[in-house]
Amino acid sequence: MHAAVVTRFGDPGVFELTELPDPVPGPGQVAIDVSHAAVGLIDVYIRQGLYKDRQGLPQPPYVPGLEVAGTIRALGEGVEGFRVGEPVVTLSGTGAEGGYASVSVVDAAMTASLEGTGVDPALAAAAVPNAATAYLALTGVAHLQPGERVLVHGALGGLASAFPGVARTLGAAGVVGTVLRASLANAQASALPYDDVVASEDLAESVGGQRFDVVVDPVGGQLRTDTLQVMAPMGRMLLVGNASGDWQHTVQTNALWRDNLAMVGFAVGSYLPAHPEQARPAAQAALKAVSQGLVGIRTQTLPLAEAAEAHRRIENGTVGGRILLTP
Ligand SMILES: NC(=O)c1ccc[n+]([C@@H]2O[C@H](COP(=O)([O-])OP(=O)(O)OC[C@H]3O[C@@H](n4cnc5c(N)ncnc54)[C@H](OP(=O)(O)O)[C@@H]3O)[C@@H](O)[C@H]2O)c1
């Protein structure tokens, strides 16, 4: 199979396009002929070596890529409910790398069928895994209730884009997004189901006095602290990432008890492998939102040989949606 391999931690130049033996699925796994592999900021962090000491994450040489769409190539021992040739997408939290390749092996439990959904594989890889993450975070962690109001930071990002549509399917009364001022024009052109997208700078002023029951924060940094001012009493802030790159920022926690607020973290990569029974309902909820056109994220597609360019575009913050690689 063809694969884009990270040969050592470092800048995007560390990618090498290589031929490797086709992987064979073990018990409980499926092999997928990959049509689209999604690229995420997490892939960039891992390649840069930011997580090099974290247990369970790969050491070079490795094939990155957590989320793919394609067709089933082979079934491992004990796998039922899929057939060879069936169109599928994988969820985040497969617990493995290996997506930037023409063949990828994943746990069947983290694989969802696209048959009969009408969702094309590019959109599936771009949107379904993050929509499943949004469903798990909004229901099981933030406990979003019908009629509540939701704020999503970094509103056009790969992960963030999945939240407004899923929040709508759960009965949210309104969903507002924030982006850096420089991205406001992109936001106005976006098809995502936000009621409004505003600048994240001067947040309290930008949202015009609105208060939110649930805030989704994949950005972090000073914005995380500023957000405390725009939360409704008993509001919950979901901490799901740190796209700001500000790893030193700390939050003063006294506002939490004083204003009856909660901050709670969620990482699908460690959550789903520990709760595999939740993958199927999350995938179904994600496919519902995606097939209703509620997760219309913009996508760019590059050949697998341009994995380094895909990472450069993410590092430069010029994507405004999701990048996919095609083997
Ligand atoms: N918790 C989980 O399970 C989970 C799952 C997937 C990803 N993540 C994390 O979520 C974060 C976002 O990942 P992603 O793949 O969605 O990334 P992405 O597609 O690159 O999106 C990041 C967004 O953050 C915004 N942003 C705001 N300030 C920024 C800054 N200073 N630098 C860069 N971006 C900035 C950007 O939007 P504007 O510039 O328009 O504001 C951009 O759209 C990462 O930290 C990732 O590790 C977590």
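The rules behind each value
- Residue positions are counted from 1 within each chain, in the order its sequence is given.
- Where local features are concerned, this predicted model is filtered to residues with pLDDT of at least 70; where side-chain atom pairs are given and counted, the filter is 80 or more; whole-chain, interface and lining totals use all residues.
- The side-chain values count all of the structure's non-hydrogen atoms but skip hydrogen atoms and water molecules.
- A fitted line through C-alpha atoms serves as each axis, taken over the contacting stretch for helices, and the angle formed by two N-to-C directions is quoted from 0 to 180°.
- Secondary structure elements are defined from DSSP: runs of H or I of at least 4 residues count as helices, runs of E of at least 2 residues count as strands, and each element is numbered from the N terminus.
- For classification purposes, angles smaller than 35 degrees are called roughly parallel, those larger than 145 roughly antiparallel, those between 65 and 115 roughly perpendicular, and all remaining angles oblique.
- The handedness criterion is simple: a crossing whose near helix is rotated anticlockwise from the far helix by less than a right angle is left-handed, and one whose near helix is rotated clockwise is right-handed.
- Contact definition: two residues touch when any of their heavy atoms are within 4.5 Å.
- Gly counts as polar in this scheme, as do all residues outside two lists: the nonpolar Ala, Val, Leu, Ile, Met, Phe, Trp, Tyr, Cys and Pro, and the charged Asp, Glu, Lys and Arg.
- Buried Ala, Val, Leu, Ile, Met, Phe, Trp, Tyr and Cys residues that are joined via side-chain atoms within 4.5 Å together make up what is termed a nonpolar core.
- Exposed residues in this analysis have more than 50% of their type's maximum accessible area, buried residues have under 20%, and partly exposed residues fall in between, with area computed by a 1.4 Å probe over protein chains only.
- Residue ranges labeled as domains rest on an automatic or database domain assignment.
- Cavity: a set of points on a 1 Å grid over the protein atoms alone where a 1.4 Å probe fits but cannot get out. Pocket: an open set with protein on both sides within 12 Å along at least five of seven lines, its lining residues, like those of a cavity, having an atom within 4 Å of a point.
- Grid points are joined across faces, edges and corners, and a volume is the space filled by probe spheres set on the points.

Going by what an unreviewed UniProt entry lists, the protein is known as NADPH:quinone reductase and is assigned to Planotetraspora mira.

(A) Representation of the packing of helix 2 (residues 121-141) against helix 3 (residues 162-169). Between helix 2 and helix 3, whose axes approach to 9 Å, the crossing angle comes to 55°. Taken as axis vectors, helix 2 and helix 3 run oblique relative to one another. Classified by chirality, the crossing of helix 3 by helix 2 is right-handed. Residues Asn-130, Ala-131, Ala-134, Tyr-135, Ala-137 and Leu-138 of helix 2 touch helix 3, and the partners they reach there are Ala-162, Phe-163, Val-166 and Ala-167. Split by residue class, the contact of helix 2 with helix 3 holds 9 nonpolar, 1 polar and no charged.

(B) Representation of the nonpolar core in the model. Leu-138, Val-150 and Leu-238 are the most contacted members of the largest nonpolar core, which has 56 residues in total. Mapped by element, the contributors of at least two residues to this core are helix 2, strand 8 (149-153), helix 3, strand 9 (174-179), strand 11 (212-217), helix 8 (268-274) and helix 9 (279-291). With 13 residues, helix 2 is the largest single contributor of residues to this core. Counting contributing residues, this core receives three or more from each of domain 1 (2-116 + 298-326) and domain 2 (128-268). If sequence neighbours within four positions are ignored, Val-150 has contacts with Leu-144, Ala-167, Ala-172, Gly-174, Val-175, Val-176, Phe-212, Val-214 and Val-216. Val-14, Ile-32, Tyr-51 and Val-106 belong to the second-largest nonpolar core, a separate cluster that totals 39 residues.

(C) View of the environment of Gly-245. Relative to the elements of secondary structure, Gly-245 occurs in the loop between strand 12 (231-239) and helix 7 (254-258). Judged by its relative accessible area of 41%, Gly-245 is partly exposed. When the C-alpha positions of Gly-245 and Gly-220 are compared, they lie 7.9 Å apart, and in sequence the two are 25 residues distant.

(D) Structural context of empty space enclosed by the protein. With the rule as written, the count across this model stands at 2 cavities of 30 Å³ or more. When its volume is computed, the largest cavity comes out at roughly 60 Å³. In terms of lining, the largest cavity is formed by Leu-156, Ser-161, Ser-190, Ala-191, Leu-192, Gly-296, Ile-297, Arg-298, Gly-320 and Gly-321. When its residues are assigned to classes, the lining of the largest cavity shows 4 nonpolar, 5 polar and 1 charged. Each of domain 1 (2-116 + 298-326) and domain 2 (128-268) contributes no fewer than three residues to the lining of the largest cavity.

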